[in-house]
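# Summary of structural features
Each chain, written out:
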Amino acid sequence: MNSNPSPPKLLLRFFRWFCHPDLHKYIEGDLLELYKEWVKEKGRRTANIKFAWDVLLLFRPGIIKPLKRDQPLNHTAMLQHNLLLTFRNFRRYKSTFFINLIGLSSGLACALLIFLWVQDELNVDKFHAKDDRLYQVMEKQRGDEGIYTSFQTRGPVADLLREEMPQIEYVAAVGPVSWADHGRLALSVGEKAVLAAGQYVGKDYFNIFSYELLIGSKDQVLADKNSIVLSEELATRLFDSAQEAVGKSVEFQQEREFIVSGIFKGTPARSSVQFDFALSFEALKDEKPWVDEWGSSGPLVFAILREGADVEQFNNELESLLKEKFGHDINRTILLQRYSDNYLYGSYENGVRVGGRIEYVRLFSVVAIIILLIASINFVNLATARASRRLKEIGIKKVVGSGRKNLIFQYIGESVLISFFSLAVAILLVALALPAFNEITGKQFTLGFDGPLILSALIITFATGVVAGLYPALYLSGFKPITILKGKLTPSSEGAWARKGLVIFQFTLSIILMVSVWVVNRQIAFVQNQHLGYDKDNVVYFPITGRLKGNEETFLTEMKKIPGVLNASSTGHRIVGHNWSVGSISWAGKSQDDETQFQVVTANYNLLETLGIEVKQGRSFSQTFGAETTKIIFNETAIEAMGLSSPIGSTVEFFGEKEIIGVVNDFHFESLHEEIKPLCFVIQPNSENRIMAKLQSGREKETLAELQNLYSSYNPGFVLDYRFLNDNYQALYEAEQRVSTLSEYFAGIAILISCLGLFGLATFTAERRVKEIGIRKVLGSSDFGIVRLLSGDFTKMVLVAIVIALPISYVIARQWLQDFAFSIELEWWYFAGAGLVALLIAWLSVGFQTIKAAQMNPVDSLRNE
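Residues numbered from 1 in each chain as written. Predicted model: local features only at pLDDT ≥ 70, side-chain atom pairs only at ≥ 80, totals over all residues. Heavy atoms only, no water.

### Quick word on the overall build of the chain
Short version of the rule: Helical segments are the DSSP runs of H or I of at least four residues, strand segments are the runs of E of at least two, and each set is numbered from the N terminus. In this scheme, a residue with accessible area under 20% of its type's maximum is buried, one over 50% is exposed, and one in between is partly exposed, where area comes from a 1.4 Å probe on protein chains only. By definition, residues are in contact when any of their heavy atoms lie within 4.5 Å. Here the Shrake-Rupley method, with its probe set to 1.4 Å, supplies the accessible areas, and only the displayed protein chains count as covering residues.
Along the backbone of the chain there are 27 helices and 28 strands. The 865 residues of the chain split such that 53% are buried. Long-range contacts, defined as pairs at least 24 residues apart, comprise 78% of the intrachain contacts of the chain with a sequence gap of at least 6. As presented, the chain carries roughly 39400 Å² of accessible surface, and 56% of it is formed by carbon and sulfur atoms.

In structure tokens, the structure reads:
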């Protein structure tokens, strides 16, 4: 068969005579290249018919040869022609098209999901009308280990700012949702009883935050300390309608009645604080007088600065005011920080803001770019590798006058077009993945016709198409026509090094992702399995509410009789997480400028035994010694901070004189991000707000059912709202767990896309070297020798990627682990394992094609095509 067939001369002359001179130079090369493909696939007769049909299709106004020389070219028709050629190229190279489609659509789907999450994160707490003037009061405490920054401050700070600082427009103290027992408190109206999240807030709270009030005045709804403001949903649950709720009474915790003074719409999804009702902060002062004392900390304070006020100048004036009024307390100071920044920038080191959730926003933004780059590299590699198929097309187009700009436009157009095809598939993939993505992220995303989302999707898609197509366009359009037509150009040698470099880059990124996922998973497993110094497993806790209040001891006695309850006690604090913090403990030898902060846990008898906290020195609290309200127990870190060599029997001053009766081993009551802090246990009657019980493993279900019955006998109509202490601990690492899960998926997709590209290159290599393989087999080469020959180059590329990726991934992993005070050691096999997995994946990707090529009959390989 003629290797360079041409269409009938009559048809070719007919085309050249009638075609518009400005269009002729663009399309003749395309038609001739297509004709050769048709002859190869369908035979000469079919090729002649298809060629004639294409020529006839061109004879439309603005395309045929003009009668007047100045008649303009129909550019729309020219664009249609280019689109037709693009679709034919897609059909001609089906495997390349589908590899690019799968890779780009997967990459775009990941990018769109990440965009939804990043956009949501960046807009948390930004909806408040006075966001530019809304600040939170932060407290800095200077100690021996540097400056500790806290979001909590002292209760009287709100009154101080209101009275002494004229730059303040509104200020309010808040007892946050986190103070409640896992954020849920009991409200009841008659027979109806619900558990809902609430907080105590200052009277100007709704002037500060833009939670829409449906009923009531912002200035008046919390002016009375016996008032309560309900969300519209909660009011509807308690009453027949929100309107009927106003003026009615609601029983709080079955202890105290409040009058509904207002209804708010509810908290938007983009609010970092979610609550269903608000009580007056003055009511909290009645319940917990300590919140209004300078010696304690706990409340949050928020403020609106007046228009034109300078926050830096304000902070300087505030520091001077504090020194003037409380000069003895120079180690603690307060300042204002932009409230809406705290969600993303909530981490501080030595008093300086160093990041927070913004690190994860940046991380996943980079991951999205990496995945799109990997998908774009596939397009570049496959386009340049198959350049030999289009050489004559390019040469003929250039000979007949097509400029390089026009060729670049055509090839970038092909890339952008396949990107938009991929966008359509990506949107379908996002719609399918969205429910699982919402579950992982804990958010409620929807794929609607959102303006920013649509615009971003179009921009990302267009940019991806341009990036992917730019190099192939420049590469293909840069060939010299005379060299092409003389057959002296071998494009594979021109682009081989570029393709190898891009494959190495692809696998370098993939290996870095693999190592990162591996390290994150190992660290999460470490924190989940780490012995914390207490036994958190099978420990259940629930709030002391309603008629249970005041009858705790009777309830505990009856509770311990339930089969499966190994031990039980009560406490006023969460154990897991930040507890009540004070700096007012004094001891013999304490220096005047010592501001050591102690975490305080109010305990009942048997609490240490219930939690399995070991006593290192002395003893635990015990009723056999009578009332223990004048006794105190510290952890090892506290004793070390106080510098006491023989602590047992010593006394400290903390709401009166207290004797140290015990020292417990250090235990991790905060996350492993934090160093263990000084902590103490004290007995404070009537301060407990939750019961904790250690359950027997294996019969939790039966025990909880009996516990529910006992609870209902005290609080009829209420469901036992229990949680496991282990769940609280896991919640400390919620962000890391989500990052770990998402990283697994995204890393898997990145590796899949890389393997698709490798598979495509292996397919092309096998096709291009088919005659070489045939000759080698005729000369006696074995199938294994052929496989080794074809896969050798790919193996070398992956090995180079491993060498580059491993030190980079080590630095990244080390940097991430520095955020944990307690972390895993980076073992060598984390990195060696990731490299080995990458190599195995690469071999699997190219293995099928290389084995198929090695087993080909040499007679078929050497037959002239």
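Additional details are given in the paragraphs that follow.
### Quick notes on the environment of Ser754
Examined against the element boundaries, Ser754 turns out to sit in helix H23 (residues 734-768). Residue class for Ser754 comes out buried when judged on its relative accessible area of 0%. As for Ser754 and Val503, which are separated by 251 residues in sequence, their C-alpha atoms are 8.0 Å apart. The contact partners of Ser754, leaving out residues within four places of it in the chain, are Ile374, Asn378, Gln506, Phe507 and Ser510.

### What to know about helix H18 (residues 552-559)
Here is the rule: Starting at the helix axis, one direction is taken to each C-beta atom, and the arc is that of these directions.
All of the buried residues in H18 are Glu552, Phe555, Leu556 and Met559. Along the axis of H18, the buried positions cluster into a sector of 100°, meaning they face one direction only.

### Describing the packing of aromatic side chains
Short version of the rule: Put simply, two rings from Phe, Tyr or Trp (the six-membered ring, in Trp's case) pair if the centres are within 6.5 Å, and we call them stacked under 30 degrees between planes, edge-to-face over 60, tilted for the rest. Whether a charge sits over a ring comes down to the Lys NZ or Arg CZ being within 6 Å of the ring centre and within 35 degrees of the ring normal.
For the structure shown, the criterion picks out 31 aromatic pairs. Taking the centre distance of 5.1 Å and the plane angle of 80° together, the rings of Phe209 and Phe302 count as edge-to-face. With Phe209 in the loop between helix H7 (205-208) and strand S7 (213-215) and Phe302 in strand S13 (residues 300-305), this residue pair connects regions lying 93 residues apart in the sequence. The buried category is assigned to Phe209, whose relative accessible area is 3%. Taken together, a centroid distance of 5.8 Å and an interplanar angle of 50° make the contact between Tyr810 and Phe831 tilted. Of this pair, Tyr810 sits in helix H25 (residues 783-817) while Phe831 is found in helix H26 (residues 828-854), placing the two residues 21 residues apart along the sequence. A relative accessible area of 8% places Phe831 in the buried class. One aromatic cluster in this structure is built from Phe127, Tyr205, Phe206, Phe209, Tyr211, Phe264, Phe275, Phe302 and Tyr339. The aromatic ring of Phe625 is capped on one face by Arg619, whose charged end is 3.7 Å from the ring centroid.

### Some thoughts on the confidence of the model for the chain
Test applied: Known as pLDDT, the predictor's per-residue confidence is scaled from 0 to 100.
On average, residues of the chain score 79 in pLDDT, and 77% of them reach the 70 mark or higher. Here residues 60-74 is a poorly scored stretch, pLDDT under 50, and it has 33 contacts once near neighbours within four places are set aside; other chains count.

### Description of a nonpolar patch on the surface
Stated precisely, the cut-off is as follows: Within this analysis, patches are made of residues with over 30% relative accessible area and no salt bridge. Like charges are joined at 9 Å or less; nonpolar side chains (Val, Leu, Ile, Met, Phe, Trp, Tyr) at 5 Å or less. What makes a salt bridge here is a side-chain nitrogen of Lys or Arg within 4 Å of a carboxyl oxygen of Asp or Glu, nothing more.
On the surface, Ile369, Leu373, Val467 and Phe505 cluster together to form a nonpolar patch covering roughly 340 Å² of accessible area. Take Phe505: it is sitting in helix H17 (residues 491-529).

### Digging into the packing of H18 against helix H21 (residues 700-714)
We apply this condition: Only C-alpha atoms enter the line fits that serve as axes; for helices the fit covers just the stretch in contact. Angles between N-to-C directions range over 0 to 180 degrees. Between 65 and 115 degrees an angle is taken as roughly perpendicular, under 35 as roughly parallel, over 145 as roughly antiparallel, and anywhere else as oblique. Crossings are classed by handedness, with left-handed meaning an anticlockwise turn of the near helix from the far one by less than a right angle and right-handed meaning a clockwise turn.
With their axes 11 Å apart at the nearest point, H18 and H21 run at an angle of 155° to one another. Relative to H21, the element H18 lies roughly antiparallel. Note that H18 runs across H21; the crossing there is right-handed. Listed contacts from H21 to Thr554, Phe555, Glu558 and Met559 of H18 are Leu707, Leu710, Tyr711 and Tyr714.

### Side note on the pairing of strand S21 (residues 598-603)
Note on strand geometry: in a regular strand, side chains alternate between the two faces of the sheet. What counts here: Strand pairing requires that DSSP identify at least two bridges connecting the strands.
Judged by how many residues are buried, S21 sits mostly within the fold: six of six residues are covered. Burial along S21 is two-sided: Phe598, Val600 and Thr602 and Gln599, Val601 and Ala603, pointing in opposite directions, are all buried. Of the pairings in the sheet, the one linking S21 to strand S26 (residues 679-683) comprises five bridges and is parallel in character. Residue Thr602 lies in a different strand from S26, and its bridge partner there is Val682.

### Some thoughts on the side chain of Lys285
As for its position among the elements, Lys285 is in helix H10 (residues 281-287). Residue Lys285 is classed as buried on the basis of its relative accessible area, which comes to 17%. Setting aside its immediate chain neighbours within four residues, Lys285 contacts Asp159, Val291 and Asp292.

### Notes on the pairing of strand S27 (residues 690-695)
When you tally the buried positions in S27, you get six out of six residues, the bulk of the element. Side chains of S27 alternate between two faces, with Arg690, Met692 and Lys694 and Ile691, Ala693 and Leu695 buried alike. Sheet topology places strand S17 (residues 539-543) next to S27; five bridges connect them, and they run antiparallel. Bridge pairing in S27 links Tyr541 to Met692.

### Topic: the nonpolar core
Here is the rule we go by: Only buried Ala, Val, Leu, Ile, Met, Phe, Trp, Tyr and Cys residues count toward a nonpolar core, and they belong to the same one when joined by side-chain atoms within 4.5 Å.
By size, the foremost hydrophobic cluster in this structure holds 113 residues, and its most contacted members are Phe681 and Phe746. For Phe746, the contacting residues outside a window of four places in its chain are Cys110, Ile114, Phe364, Val367, Ile371 and Phe437. Counting 44 residues, the second-largest nonpolar core is a separate cluster that includes Tyr135, Leu187, Val189 and Leu230.

### Concerning the environment of Ile808
Tracing the sequence through the fold places Ile808 in helix H25. Of the residues examined, Ile808 reaches a relative accessible area of 37% and is grouped as partly exposed. Along the chain, Ile808 and Val515 lie 293 residues apart, while their C-alpha atoms are 10.0 Å from each other.

### Things to note about unusual backbone geometry
For Asp125, which is not glycine, the phi torsion reads 65° and is therefore positive. Looking at the secondary structure, you find Asp125 in the loop between helix H5 (94-122) and strand S1 (134-143). Here the phi dihedral of Asn606 falls at roughly 75°; this positive angle occurs in a residue that is not glycine. Summarising the element assignment, Asn606 is placed in the loop between S21 and helix H19 (607-611).

### Here we look at the pattern of salt bridges
Enumeration according to the criterion identifies 20 salt bridges in this entry. Here Asp131 and Arg338 are joined by a salt bridge, their closest N and O atoms 2.9 Å apart. Taken together, the positions of Asp131 in the loop between H5 and S1 and Arg338 in strand S14 (residues 332-338) put the pair 207 residues apart, joining distant regions of the chain. Residue class for Asp131 comes out buried when judged on its relative accessible area of 11%. Judged by relative accessible area, which is 25%, Arg338 ranks as partly exposed. Put simply, Asp292 and Lys285 hold a salt bridge, and the shortest N to O gap is 3.8 Å. By sharing partners, the salt bridges in this structure join Asp120, Glu121, Arg270, Arg357 and Lys443 into a single network.

### Focus: helix H6 (residues 157-164)
Burial in H6 covers these residues: Val157, Ala158, Leu160 and Leu161. Buried residues of H6, viewed axially, fall in a sector of 165°; they line one side.

### Considerations on the environment of Glu744
Its location among the elements puts Glu744 in helix H23. A C-alpha to C-alpha distance of 8.2 Å links Glu744 and Met514, two positions 230 residues apart in sequence. When near neighbours in sequence (up to four residues on either side) are disregarded, Glu744 contacts Val517 and Asn521.

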